[in-house]
Every structure is written in structure tokens, then in C-alpha cells.
Amino acid sequence: MASSSTLSSLVFSHHFLPNNPSKSPLLPFSTTSSPNPPRIRRPSIEASSSNSRRDAYVIDEKTQLLLERYGIDPSELEPRRDKKSRRKREEVEKQLPEETKAPRTTHKLLQVLGGKARRKKLLSPKGMDVRPMMEVVKGAAFGILQVAGGSPAFLRPGRWLDLYSGTGSVGIEAISRGCSEVHFVEMDPWVVTEVLRPNLEWTGFLDVSVIHRVRVESFLEQAEHSLCKDGPFDYISVTPPYTAVDYSILMEQLAKSCLVGKDTFILVEYP
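So, a few notes on the structure that sits alongside this text. (Residues numbered from 1 in each chain as written. Predicted model: local features only at pLDDT ≥ 70, side-chain atom pairs only at ≥ 80, totals over all residues. Heavy atoms only, no water.)

Sheet topology note: the strand 8 (residues 181-185)/strand 9 (residues 209-212) ladder contains four bridges and is parallel. Residue pairing for strand 9: His183 is matched across the bridge by Val210. Once you follow strand 8 into helix 5 (residues 189-203) and on to strand 9, the crossover reads as right-handed. (Pairing = 2+ DSSP bridges. Helix = DSSP H or I, 4+ residues; strand = E, 2+ residues; numbered from the N terminus. Right-handed = clockwise from strand over helix to strand, strands pointing away.)

Structure, rendered in C-alpha cells:
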């Protein structure tokens, strides 16, 4: 959802997972980003001339539609001159006790791109504590998976594991396009209660979904005693908070997991 960084998604088959991931690179099945992806610039902002409201600004309708397409909340943009004060404010808020922090809220900027729930709007948290996959990246990634599975119009039927699911937009897209069951792994209780579950209820996919409110690392460790009896997943998506995980450790743990089979497709998003 970030507008200032280039997001890439890597899709690869389990055939390319090395026996020793620490010594052998993961070879891509296909990538959704170009060698020189275009940078998304922040739109120009017209500041108000009022001395009493120096930070007031307006965004034209065309720019607002563009921002919403990329999953950016126009109301959260601020003039460039306020960047330092905004950072300072965020640092102070992190140090505040939970009861003094501003309540977390949601908005509907995301939508399902294809399948039976196409164009249905999805909730996502305001702010940048949860960053859903950009819609242009998500659309391209699912297009690759559909062609790889032999059906350009839909995903081949199967089970999907959505790690770091957040809003659930990736797993919901999977159900909408043909998956029979999705397991969502998300540790934030507020996101699960106020965002993920309502999105599943709104799209009508709650009955074919399983929510695991646990850390991804713990989930993968415990899977051998719970989920492995049902066999490996057909698809696995990995969309972690970029700075909060060590990708090499995460991918090595996933490569050794019983949840991955010889025909599993794995979708990884990275900065």
C-alpha cells in the first residue's frame, strides 16, 4: 500500500525450493515486476493560503481516484513540509500507553479484483500499520498463477494458506477465483475482529475460511501436529511486514514445512 516504494511479488513452484535454502538461491518461477518499475510519485498538493490552517490542502478528483486505485487514503496525505513533525508525532504515539492512543479505524479502499466477489469493497485499517498488497501487484500475481495452473480465467481448485493475512485481501481473492478453502494466519486481534472477519462475512466466504490468530513462526512450528494430516497446501502466500521479518529464516522454515508439497505454488511479496 506504500506509494513511495517499489513492491515486487515472486511466484515460484516448490520444484525450485533447494534442499539447503541457506546455500542455494530461490529461483523464480515468474515475477510480476519489470526490471525498471515505474516509481509512484506523490501527487502535487495545493496548500491553503489561510494562516490559521497552514496544513489545509485539497486534492482534485482525478488524483483522488488514482490514489484509491493504489490503496492510498487521500485524507492521510500531508504537505511535504510537515514530514518531520509527522514522524515525531508517530514516535511519540508509539511510546504512549494503549489507553491514551487514538482509536484504530477502518476505511474501504480495497476491492476484490476477479471472480464471484469481483468489485466488492474490503475494509482495511487507516494508517500504515497494516499494508495490504497493492492491487496492481495482486492482479498480476493471480494472473500468473491462473495461467500456470492451466486456466487463464480461474485458479485451479485447491487449498490456500495466507500467511500474514492482515485484511485477508489475498486469501479472499483466492476464494473468489476458485479456491475451495483458505487458512488465514494473522496475530493482531484487532485486525482479526474489526477487519479480517468482517471482510469474510461481507464477501460470504466465512464458511470456507479458517482463521488462526497466532504468529506465523509459531503456526509453522505447530503445523506438524495439526494441519499436516490434511496434506500440503496447493497455494501459499507470504506477505509479511518487510522490516519485521528475516526473509532467509522465514523461507527456510517454510521450505522444510510439511505444508509445502511438490506441486505447491508459493507467492512471496518483498520490498
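There is more to say after this.
A word on the nonpolar core. Among the nonpolar cores identified, the biggest contains 25 residues, and Leu155, Trp160, Ile172, Ala174 and Tyr235 are the most heavily contacted of them. Only helix 3 (135-148), helix 4 (169-176), strand 8, helix 5 and strand 11 (260-270) provide two or more residues apiece to this core. Residue contacts for Tyr235: discarding those within four places in its chain leaves Leu145, Leu155, Arg156, Arg159, Trp160, Leu161, Cys179, Thr264 and Phe265. Among the nonpolar cores identified, the runner-up in size contains 21 residues, and Tyr164, Ile236, Val238 and Leu254 belong to it. (Core = buried A, V, L, I, M, F, W, Y, C linked by side-chain atoms within 4.5 Å. Buried < 20%, exposed > 50% of the residue type's maximum accessible area, 1.4 Å probe, protein only. Contact = heavy atoms within 4.5 Å.)

One non-glycine residue with positive phi stands out, namely Arg119, at about 75°. Relative to the assigned elements, Arg119 resides in the loop between strand 5 (106-111) and strand 6 (121-125). A relative accessible area of 58% places Arg119 in the exposed class.

When helix 7 (residues 247-255) is considered as a whole, its buried residues turn out to be Leu250, Met251, Leu254 and Ala255. For helix 7, the arc enclosing every buried residue in end-on projection is 130°, short of the 170-degree limit, so these residues lie on one face. (Arc of directions from axis to C-beta.)

Before going further, it helps to spend a moment on the packing of aromatic side chains. One pass over the full model with this rule turns up three aromatic pairs. Both rings, one in Phe142 and one in Trp160, keep their centres 5.3 Å apart while their planes meet at 10°; by these two values the pair is stacked. Taken together, the positions of Phe142 in helix 3 and Trp160 in strand 7 (residues 159-163) put the pair 18 residues apart, joining distant regions of the chain. Take Phe142 and Trp160: they sit in the same class, and that class is buried. Between Trp160 and Tyr235 the ring centres are 5.0 Å apart and the planes differ by 20°, which places this aromatic pair in the stacked class. Of this pair, Trp160 sits in strand 7 while Tyr235 sits in strand 10 (residues 233-238); the two residues are 75 residues apart in sequence, bridging distant segments of the chain. Residue Tyr235 is classed as buried on the basis of its relative accessible area of 1%. One aromatic cluster is present, built from ring pairs that chain together Phe142, Trp160, Tyr235 and Phe265. If you follow Lys120 out to its NZ or CZ, it ends over the ring of Trp202, 4.8 Å from the centre. (Phe/Tyr/Trp six-rings, centres within 6.5 Å; stacked < 30°, edge-to-face > 60°. Lys NZ or Arg CZ within 6 Å of the ring centre and 35° of its normal.)

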